[in-house]
Every structure is written in structure tokens, then in C-alpha cells.
Amino acid sequence: MDESIRTGLDLGGRNKPWLSAREWRLHGGLFLLTVLTTIMAGIMLAAAELPAPEPPLASPLDYLLYLPLSYLYSVNELLRYAFSHPHVFVEGVTFSASLLAILFSHEMGHYLACRYYKVNATPPYFIPAPPLFLAGTFGAFIKIRSAIPSRRALFDIGLAGPLAGFIVAVPIAVIGVLTPSTPLPPGDHWMFFNDPLLIRLISKLAGIPLDPNTPPNPCYMAAWIGLLVTSLNLMPVGQLDGGHGTYSVFGPRAHRIIGRVAFITMAALAFLGYWWHGSPSGFLYAVLLAIMMKVPHPQPAVMEPLGTKRIVIAIVTLIVFVLCFLPFPITIS
């Protein structure tokens, strides 16, 4: 995800170069917790719909605790099912490993670019989501604790993440398309994942048609989420990765104008997505972009020319965005 640009100084006024043992434990603990929650998400995707036991409703307290108890019973039932069906547990681990490989590569792209330019940054913070919620994670981010020294550094740090994540997502998407699945009977699905251009191209080159009635396998779902995250981060708004790239290539004034155009476009697509596809997911895009527009973008210390090589990389990044972007990610029937 996008990295917040901040300055972290110790009491002596120097950039803080290392993390404390407590901070390393925090990073490691969040990562391990995210591994567990993404495995749970993968198990949920692979398992058949399980009837959750109904909590008892014998007293007013039972009614008050109905939702949390239903949630706990559902988690318990899913775990019991996974351990009694090992192949489902394996699919959960496959989903977790595939998705976290994409997210980890994305954040390490940012982190290693920061190290190259001697910019003080933390390792990735992974954000676990509650079991049974979304993909088991809200993503990851790094925190930058010192100023960006130059226009080229801003460009490289901003775009290294999504490009690294995309490189890892491509083979996972290929595996996802090539993995056979048994289609469900028509009418058994109420939610469909629409395919980004990259997955459509892989399907066409492999000669394997994409069937909307085919349940998504772990690698396909991990790639789908990874590509969606990549396209979201490449939006040319605020301090998103695409915002850093836009600022570097076009400057601050164009960055503001392009960001507003992107927000208006996504707000319009949100209404069209709800109207045409029955999905409110586009409004999450619009809300996030609205928030990011309020965050001021820092000015690099030196605004030197980017050079031909980085202009070519900017064009490649735009192509990556087109391959990943989904104007209407989900259709609900």
C-alpha cells in the first residue's frame, strides 16, 4: 500500500535509523497474525457453505450477544470443517502464501528503494482483518520517517512497490487460470468476480475460457485481489503510489488536477457500478480517493529532470495499471 511520508527524529535531532526490539516484535506479530487470518479467508473461499449453529435465545442477554456468538460459532464450524477436510486447509494455506507474496513484494519494493536512497523507513506493517472478513487482511504499508531527497527518489520509491507486486502477481495469475475447477450449476452463484485485462489475456493465450460459474481457486483469487490492490495504489491521487508517480512526472499543479479528475471519474463509476452490476464496491474507491485528496503531498528537496529511462518506466507503469484496473470489480445478481 501507500507509504506515509513523515519525519521521525530522535531527541538529538537525527533520523532514527533502526527499529527497537519492541518494534520488530510488532512487525513480526502483525505478519504472523495476518498469515493466520488470510489462511482462514482462504479456507472460507474453498469450503462449501456451512450452516452455522444458532446461538441459544433463552434470555435478553442471548439476544444481545446474538451477533458475536453467531460469528464465533461460524469461525468454529469453519475450523472444524477445515481440519476434517485437509484439502480445504491446503487451499487456505495456498491462498495465504500467494496473496502475502504479492503484498510482501509490493512493500519490499518500496522498502528497498528507500534503503537505496538512504531514506529512513520501517519494514512493512501487515494489517490483519478479522476471520471471515474480506481477504483476511486490510493490506500492508511502510512508514517513511525522513524527507524524500529528490524527484527521482520519489519516482523510484513510489513505483517500485506496485511494479514489484505486479511481477509476482503475474505467475500466480497464470497458475490461477491454468488450475482446473468444476463449474457450479447455473444459479448457484450470486456474486461474480469480474476479470481484469491481464487475466483475460492469460486466458486467451492459454486457450482456456473463463467461466463465471466456476468457483475461484486460491491462486486466481489471490491474483485477483493483488491486481485490484495494485490498480488502487496506482490511482494518481494524493500519496498513493500513482500519486507519487504523477507528482514526479508532471509536477504539483498537474498532480492536483489529475487527482480531482480521477476522483470524479471513480465517483461516476461507483454509481454506474451500483446501477449496472448491483455492487456498492466502487463507493469504497471513491471514499478512499476523497480521503487521499485531503492529504498534502510533500515537496522533494530537489526537482531534477527524471530522464528518458524513468519516462519509459512511467509508460510501463501506466500499462500495468490498465492491465490491473477493474472499473466494476464485482457483479451481484
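The present account deals with the structure reproduced in this document. In this text the structure is predicted, and so the values were computed from the model without any measurement. (Residues numbered from 1 in each chain as written. Predicted model: local features only at pLDDT ≥ 70, side-chain atom pairs only at ≥ 80, totals over all residues. Heavy atoms only, no water.)

Considerations on the nonpolar core
Ranked by internal contacts, the top residues of the largest apolar core, which has 50 residues, are Phe-95, Trp-224, Ile-225 and Met-235. Among the elements of the structure, helix H4 (86–116), helix H5 (151–178), helix H6 (197–206), helix H7 (218–233), helix H9 (252–277), helix H10 (281–293) and helix H11 (308–324) are those that each provide at least two residues to this core. In terms of residue count, H7 provides more of this core than any other element does, 11 residues in total. Apart from the residues lying within four places of it in its own chain, the contact partners of Phe-95 are Thr-38, Ala-41, Gly-42, Leu-45, Ala-135, Pro-218, Met-221, Ala-222 and Ile-225. Counting 14 residues, the second largest nonpolar core, distinct from the first, contains Met-108, Cys-114, Ala-153 and Leu-154. (Core = buried A, V, L, I, M, F, W, Y, C linked by side-chain atoms within 4.5 Å. Buried < 20%, exposed > 50% of the residue type's maximum accessible area, 1.4 Å probe, protein only. Helix = DSSP H or I, 4+ residues; strand = E, 2+ residues; numbered from the N terminus. Contact = heavy atoms within 4.5 Å.)

Quick word on a nonpolar patch on the surface
Taken together, the side chains of Leu-79, Phe-83, Phe-89 and Val-93 define a hydrophobic patch exposed on the protein surface, amounting to about 340 Å² of accessible area. Looking at the nonpolar patch, the elements that each hand over two or more residues are helix H3 (66–84) and H4. Looking at the secondary structure, you find Phe-89 in helix H4. (Patch = residues over 30% accessible without salt bridge, like charges linked within 9 Å, V, L, I, M, F, W, Y side chains within 5 Å. Areas by Shrake-Rupley, 256 points an atom, 1.4 Å probe, with all protein chains shown as cover. Salt bridge = Lys/Arg side-chain N within 4 Å of Asp/Glu carboxyl O.)

Concerning the environment of Leu-197
Its location among the elements puts Leu-197 in helix H6. Among the residues examined, Leu-197 registers a relative accessible area of 35% and is labelled partly exposed. Non-local contacts of Leu-197, meaning those with residues more than four positions away in its chain, are made with Val-322 and Leu-323.

Regarding the pattern of salt bridges
Scanning the entire structure with this criterion turns up 4 salt bridges. Two residues, Glu-23 and Arg-145, come together in a salt bridge whose shortest N-O distance is 3.0 Å. Taken together, the positions of Glu-23 in helix H1 (residues 21–46) and Arg-145 in the loop between strand E4 (143–144) and H5 put the pair 122 residues apart, joining distant regions of the chain. In terms of burial, Glu-23 and Arg-145 fall into one category: buried. Notably, a salt bridge pairs Arg-310 with Asp-156, separated by 2.9 Å at the nearest N-O pair. Here Asp-156 lies in helix H5 and Arg-310 lies in helix H11, a separation of 154 residues in the sequence.

What about the layout of surface pockets?
Its volume calculated, the second largest pocket comes out at about 460 Å³. Around the second largest pocket, the lining is made up of 23 residues, and of these Leu-210, Asp-211, Pro-212, Thr-214 and Tyr-220 lie nearest the centre. Listing elements by their share of the lining of the second largest pocket, those giving two or more residues are H5 and strand E5 (191–193). (1 Å grid on protein atoms, 1.4 Å probe; cavity = no way out; pocket = protein on both sides within 12 Å on 5 of 7 lines; lining within 4 Å. Points joined across faces, edges and corners; volume = space filled by probe spheres on them.)

Thoughts on the packing of aromatic side chains
Aromatic ring pairs: the centre-centre distance and the angle between the two ring planes describe each pair. Taken as a whole and judged by the stated rule, the model has 10 aromatic pairs. Their ring planes at 70° and their centres at 5.1 Å tell us that Phe-31 and Phe-126 sit as a pair that is edge-to-face. Taken together, the positions of Phe-31 in helix H1 and Phe-126 in strand E2 (residues 125–128) put the pair 95 residues apart, joining distant regions of the chain. Accessibility expressed as a relative area gives 3% for Phe-126, which makes it buried. Their ring planes at 70° and their centres at 5.9 Å tell us that Trp-276 and Phe-328 sit as a pair that is edge-to-face. Taken as a pair, Trp-276 in helix H9 and Phe-328 in the loop between H11 and strand E6 (330–332) lie far apart in primary sequence, 52 residues in all. Note on Phe-328: relative accessible area 16%, which makes it buried. Here the aromatic cluster, defined as three or more aromatic residues joined through ring pairs, consists of Phe-271, Tyr-274 and Phe-283. (Phe/Tyr/Trp six-rings, centres within 6.5 Å; stacked < 30°, edge-to-face > 60°.)

Concerning H9
In an α-helix, one turn spans 3.6 residues, which is why side chains three or four residues apart end up on the same side. The end-to-end C-alpha separation of H9 is 36 Å, in line with the 38 Å expected for 26 residues at 1.5 Å each. Looking at the buried side of H9, the elements it contacts are helix H8 (241–250), H10 and E6. Positive backbone phi, approximately 65°, marks Gly-278, located one or two places after H9. (Expected span 1.5 Å × (residues − 1).)

A look at the environment of Ile-332
As for its position among the elements, Ile-332 is in strand E6. Each C-alpha atom of the pair Ile-332 and Tyr-274 lies 9.2 Å from the other, and the pair is 58 residues apart in sequence.

Thoughts on the side chain of Thr-34
One can find Thr-34 in helix H1. Engagement of the side chain of Thr-34 in a polar contact is seen with the backbone oxygen of Leu-30, the distance being 2.7 Å. (Polar contact = N/O pair within 3.5 Å; in protein donor to acceptor, adjacent residues only side chain to side chain.)

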